[in-house]
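Observations on the three-dimensional arrangement
Given next are the chains, with one letter for each unit.
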Amino acid sequence: MEYAVIVENLRKTFGKVVAVDDLSFYVKPGEIFGLIGPNGAGKTTTLRILSTLLLPTSGKVEIYGHNVVEEPETIRRIISYLPEEGGAYEQLTGREYLEFMANFIEDDKEKIKEMVNEAAEISGLGSRLADKIKTYSKGMKRRLLVARSLMIKPKLAILDEPTSGLDVIHAVHVRNVIKKYAKEHEVTIILSSHNMLEIEHICDRVVIMNLGRKVIEGNPQELKEKFAAENLEELFVMAVKKHA
Ligand code: ATP
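Keep in mind it's a predicted model, so treat the numbers as computed, not measured. (Residues numbered from 1 in each chain as written. Predicted model: local features only at pLDDT ≥ 70, side-chain atom pairs only at ≥ 80, totals over all residues. Heavy atoms only, no water.)

A word on the overall build of the chain. Along the backbone of the chain there are nine helices and 10 strands. Its C-alpha atoms give the chain a radius of gyration of 18 Å, within 12% of the compact-globule value 18 Å for 244 residues. Along the longest, intermediate and shortest principal axes, the C-alpha atoms of the chain span 50 × 40 × 35 Å. Residue burial in the chain is summarised as follows: out of 244 residues, 52% are buried. Considering only residue pairs separated by 6 or more positions, the chain has 64% of its internal contacts joining residues 24 or more positions apart. Of the roughly 11,900 Å² that the chain leaves accessible, carbon and sulfur atoms contribute 50%. Between the mean site of the 34 positive side-chain charges and the mean site of the 36 negative ones, the chain shows a separation of 4 Å. (Helix = DSSP H or I, 4+ residues; strand = E, 2+ residues; numbered from the N terminus. Rg over C-alpha atoms; globule rule 2.2 N^0.38 Å. Buried < 20%, exposed > 50% of the residue type's maximum accessible area, 1.4 Å probe, protein only. Contact = heavy atoms within 4.5 Å. Areas by Shrake-Rupley, 256 points an atom, 1.4 Å probe, with all protein chains shown as cover. Lys, Arg positive; Asp, Glu negative; His and termini not counted. Charge placed at Lys NZ, Arg CZ, Asp CG, Glu CD.)

Right, dumping it as structure tokens:
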């Protein structure tokens, strides 16, 4: 089987700081895969390498058979990346922003319209899409960016803390959208999160990282049973303390 993502012995250093250390994992097509870990564990660094925004120091990373170092252009055409903190074009309205982004990847006017309508639904912003982005709250901007990441139906969506800053209602909405998208459109998703409930709800598999290294990998339910943990939060604290 062709893996959607192969990460083998990945290492990334920034001077003396080892951000990612001998990290390996494999993601199957259509899977929702979670990266979790405390602050500074190396999640964003890993996601930025997968997105071709950072070069690995060593190790192998392939997205749908394409190597991140040798074929970044090919990879950029099949992925979307939601950064941890993404700015949007403040002077545009939400709808103009979505149209602008859709125009980058599609020429057909009807398809652009379809994409934007879909993104409008994902964002749940309703009539506020007619307002300038500079008037949006943090959570509204986040929803717009999540919608932009999914509307293009990438083969792989890389989402760095997709629900950060969202209230409970909208976080639930975005989680459901992510799950629905992965299943209906066979979009593979890799996401990072600090919300264990979110991870339990939507991820088929997770990797818990600490200090750049993988400490545990598996299906959230199976991991809970295996380690007799009541919830993922408990397991997370146990795993991180043990490997600190
Ligand atoms: P958080 O949950 O706080 O977002 P994270 O798991 O995403 O953390 P990273 O941002 O990947 O962690 O950082 C991993 C380590 O690499 C940290 O020690 C961080 O200080 C370091 N690091 C990340 N980017 C750089 C950089 N550009 N220059 C120097 N060090 C960096």
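The structure having been displayed, the exposition proceeds.
Neighbouring residues of the ligand: 14 residues in total, closest N39, G40, K43, T44 and T45. Interatomic distance of 2.9 Å between a side-chain N/O atom of N39 and an oxygen atom of the ligand. A distance of 2.8 Å is found between an oxygen atom of the ligand and a backbone nitrogen or oxygen belonging to G40. In isolation the ligand exposes 640 Å². Once the protein is present, 62% of that is buried. At the level of secondary structure, the elements contributing two or more residues to the shell around the ligand comprise β2 (17-27) and α1 (43-50). Per-element tally for the shell around the ligand: the top contributor is α1, with three residues. Within the shell around the ligand, the residues separate by chemical class into five nonpolar, six polar and three charged. (Near = heavy atom within 4 Å. Polar contact = N/O pair within 3.5 Å; in protein donor to acceptor, adjacent residues only side chain to side chain. Nonpolar A, V, L, I, M, F, W, Y, C, P; charged D, E, K, R; others polar.)

Counting residues in each nonpolar core, the largest one holds 52 residues, and the members touching the most others are L150, I189, L191 and I208. For this core, the two domains that each supply at least three residues are domain 1 (1-78 + 155-244) and domain 2 (86-153). In contact with I208, not counting residues within four places along its chain, are I36, R213, K214, V215, I216, L235, F236, A239 and V240. With 29 residues, the next largest nonpolar core counts V5, L47, I49 and Y81 among its residues. (Core = buried A, V, L, I, M, F, W, Y, C linked by side-chain atoms within 4.5 Å. Domains from an automatic or database assignment.)

Right, let's get into the layout of surface pockets. In this structure, the largest pocket spans a volume of roughly 470 Å³. Every residue lining the largest pocket is counted, 20 residues in all, and those nearest its centre are R76, I79, S80, I105 and I152. Elements supplying a minimum of two residues to the lining of the largest pocket: α2 (72-78), β6 (79-82), α3 (94-105) and α5 (138-151). Residue classes in the lining of the largest pocket are distributed as 11 nonpolar, four polar and five charged. Both of domain 1 (1-78 + 155-244) and domain 2 (86-153) provide at least three residues apiece to the lining of the largest pocket. For the second largest pocket, the calculated volume is near 160 Å³. (1 Å grid on protein atoms, 1.4 Å probe; cavity = no way out; pocket = protein on both sides within 12 Å on 5 of 7 lines; lining within 4 Å. Points joined across faces, edges and corners; volume = space filled by probe spheres on them.)

This paragraph deals with helix α6 (residues 168-185). Along its 18 residues, α6 runs 25 Å from first to last C-alpha, staying within 8% of the 26 Å computed at 1.5 Å per residue. Residues of α6 that are buried include every one of A171, V174, R175, V177, I178, Y181 and A182, and no others. The buried side chains of α6 occupy one side of the element, clustering within an arc of 160° when seen end-on. What points out from α6, more than 90 degrees from its buried face, is the exposed set V168, I169 and E184. One or two residues past the end of α6 sits E186, with phi positive at roughly 50°. (Expected span 1.5 Å × (residues − 1). Arc of directions from axis to C-beta.)

Glancing now at the environment of R175. In this fold, R175 is placed in helix α6. The spacing of R175 and L35 is 140 residues in sequence and 15 Å in space, taken between C-alpha atoms. With residues near it in sequence (within four places) discarded, R175 still touches N195, E198 and I202.

How two aromatic rings sit relative to each other is given by the distance of their centres and the angle of their planes. As enumerated under the stated definition, the model contains five aromatic pairs in all. Ring centres of Y89 and Y97 lie 5.9 Å apart, and the angle between their planes is 35°; this geometry places the pair in the tilted category. Relative accessible area serves as the criterion here: at 43%, Y89 is assigned to the partly exposed category. Residue Y97 is classed as buried on the basis of its relative accessible area, which comes to 2%. The interplanar angle of 70° and the centroid separation of 5.3 Å between the aromatic rings of F100 and F104 together place this pair among those described as edge-to-face. With a gap of four residues between them, F100 and F104 both fall in helix α3, about one helical turn apart. Each residue in the set Y89, Y97, F100 and F104 is aromatic and connected to the rest through ring pairs, giving one cluster. Sitting above the plane of the Y64 ring, K155 keeps its charged end 4.4 Å from the centroid. (Phe/Tyr/Trp six-rings, centres within 6.5 Å; stacked < 30°, edge-to-face > 60°. Lys NZ or Arg CZ within 6 Å of the ring centre and 35° of its normal.)

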